Amino acid sequence: MPEKPRSNRIPSRIVAWTASAAILGAIWLAASQSSLNLLSQPQCRCFPGDPCWPSPAEWESFNRTVGGQLIATVPVASPCHDDFPGVSYDADKCAEIQVNWARPELHDKTTHSPMAAFFANMSCDPFTPRNAQCVVGAYVAYAVNASGVREYRETLSFAKKHNIRLVIRNTGHDYMGKSILDYTSSAYTGKAMKIGAGVLASEAQATANANGFVVVEGDCPTVGIAGGYTQGGGSSPLASKFGLAADQVLEWEVVTGNGDFLTATPDSNSDLYWALSGGGGGTYGVVLSMTVKLHPNMPTAGATLYFTEPTEVYWDIVLAFLLNMQAVLGAGGTLYWQVLPGNMFRMPQSYLPDGTAQDLERLLEPTLKLLNQSGISYTFSSRDFPNFQEAFHEMVPETNVTEINLGGRLIPRSLVASENSATSLTSAIKSIINNGGILAGVSMDISRPPSSPNAVHPNWREMSFLAFFGTIYDRYNMTSNIANQHLVTNILVPALEEITPGGAAYLNEADFHQPNWQSVFYGTNYPTLVSIKQKFDPDDIFWGPTVVGSENWEITEQGRLCMVH
């Protein structure tokens, strides 16, 4: 008997699930399960129920072709409801899912569940009533646990043959996917790490640390480091010291939309290397691995700062902090901070690699001095750590999913270069708070150019901090979330756009309704990226909102992906 597609069901305990479900560079076959009339529309991707949709026999044949790695989606929250076929309501499992819903591990070990719940559209939500719908809906219908070139090629071929919409999911465990090597090229000679698709940032960092090195990673240890994180640029606590994640890449192994398995370096397939290094993930090909620079580990200082001030003096302190930050960045430091309703300020983490706690406190002295002069109560602490990872683990003991209706902007150094410009920036931040938003900043200096050119938006090199802002996601009210996302697009984003004309945003963390996204996310690189997309994926098999070339397609009201005429 042919092997049946496996079901991706929630286990009784997350620990057991994490240990057993190793999704490595998984490819998703995305299609809504909504029932529609049987329409044949060649200009649209095929839908379940269409004549072009594969028959059960064809799915079973494809499953054999990929070695039994085809997985049929069973929504992770299905134990919270009565009506998903083959799954019974289980109050204990549902309670466990609800408790862990904000944990990345719950989602990134599935083949289907996005951490941004907005995009699941409450298809099968653990916080809706027991008798509410539980359908595949906005989730993918099938996934392939693709771990090698053959599975990648077979999946691409099947998707093309049947005109099925396809997207890429990276995050998952790969227990054999990391190796340290001596690397020599025209641009770099030194230690490097080859990282397979699906390797988590924490796994890569642990391997590097065990050998006396660090790898540039983000501030969420469960991110798949070789995926959209690095391909989209990749901010990092180590960015001021070493640059963005994309700046570290030495080579990529990738299966393109044409089905070709290529190695892309600055000297071979250099256009593909350039595009993958900052030009966005999931659009030129499926990455199997990347090789990146390693850096010697180093002592690292860390500091935190918290205060609340109900009067307008609060904004004077925020202004002073904005003017102060460039001194820290210039010394190789990185700051993570938040401006919150109720005149709350939080800096839960900051790093100064190769520096001391005394150095970091001295660099922040202008802000601390004004707090003292203003008589504002605050909490500040600084500490020396023997290496970077100990500092990181101390200040980031746990990272949950950010449940927010999101917008973003890169804030240039010119806006913190003088009191006048910083005052306009402070006013814009205040406007965001007064309109119901919250704002977080990641301050870093990545002005130093990479050793090999890449497709990172040029505005990154002029940036003082990444601004992330928005409103809190409502788990129980999708109508409210839709209204709040419009608030982000129409009120909050323009507050910063007004003072950053011709500006940019981080394509991995920004408003998905961003107007003029081609310029905002990719800048002057966009026309070249489009030509590279057409070269390596001429059939547009890879698509996602705001990725390069996505303007050629649109999602209809029925959920179909169709070509734009």
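Residues numbered from 1 in each chain as written. Predicted model: local features only at pLDDT ≥ 70, side-chain atom pairs only at ≥ 80, totals over all residues. Heavy atoms only, no water.

Q: Tell me about the state of the cysteines, and please be specific about residues and values.
A: Counting across every chain of the model gives 4 disulfides. Cysteine pairing for the chain, with bonded cysteines counted in sequence order: 1-8, 2-3, 4-5, 6-7. (Disulfide = S-S within 2.5 Å.)

Q: Describe the packing of helix 10 (residues 313-330) against helix 12 (residues 365-373), with residues and values.
A: Relative orientation of the contacting elements helix 10 and helix 12 amounts to 165°, with a least axis distance of 8 Å. Accordingly, the angle class assigned to the pair helix 10 and helix 12 is roughly antiparallel. Every pair of crossing elements has a handedness; the one defined by helix 10 and helix 12 is right-handed. Counting all contacts with helix 10, which are made through Asp316, Ile317, Ala320, Phe321 and Asn324, the residues of helix 12 involved are Glu365, Pro366, Thr367, Leu370 and Leu371. Of the residues that constitute the contact of helix 10 with helix 12, the class distribution is 6 nonpolar, 2 polar and 2 charged. (Axes fitted to C-alpha atoms, helices over the stretch in contact; angles between N-to-C directions. Helix = DSSP H or I, 4+ residues; strand = E, 2+ residues; numbered from the N terminus. Parallel < 35°, antiparallel > 145°, perpendicular 65-115°, else oblique. Left-handed = near helix turned anticlockwise from the far one by under 90°. Contact = heavy atoms within 4.5 Å. Nonpolar A, V, L, I, M, F, W, Y, C, P; charged D, E, K, R; others polar.)

Q: Quick rundown of the packing of aromatic side chains? Include the residues and the values.
A: The full count for this structure, using the stated rule, is 25 aromatic pairs. Ring geometry for Trp59 and Tyr142: centres 4.0 Å apart, planes at 25°, overall stacked. Within this pair, whereas Trp59 is found in helix 2 (residues 56-65), its partner Tyr142 is found in strand 4 (residues 142-144), the two being separated by 83 residues in sequence. With respect to class, Trp59 is no different from Tyr142; both count as buried. Relative to Tyr526, the ring of Trp517 has its centre 5.8 Å away and its plane inclined at 90°; by these criteria the two rings are edge-to-face. (Phe/Tyr/Trp six-rings, centres within 6.5 Å; stacked < 30°, edge-to-face > 60°. Buried < 20%, exposed > 50% of the residue type's maximum accessible area, 1.4 Å probe, protein only.)

Q: Outline the pattern of salt bridges, listing residues and values.
A: Going through the model one piece at a time under the given rule, you end up with 16 salt bridges. The salt bridge involving Lys160 is made with Asp539; its shortest N-O contact spans 3.4 Å. A residue pair is termed long-range when its members are at least 10 positions apart, and Lys160 in helix 5 (residues 149-162) and Asp539 in the loop between helix 17 (526-536) and strand 20 (553-555) qualify at 379 residues. Looking at Asp539, the relative accessible area reads 45%, which means it is partly exposed. For Lys191, the salt bridge identified is with Asp182, shortest N-O distance 3.0 Å. Judged by its relative accessible area of 33%, Lys191 falls in the partly exposed class. (Salt bridge = Lys/Arg side-chain N within 4 Å of Asp/Glu carboxyl O.)

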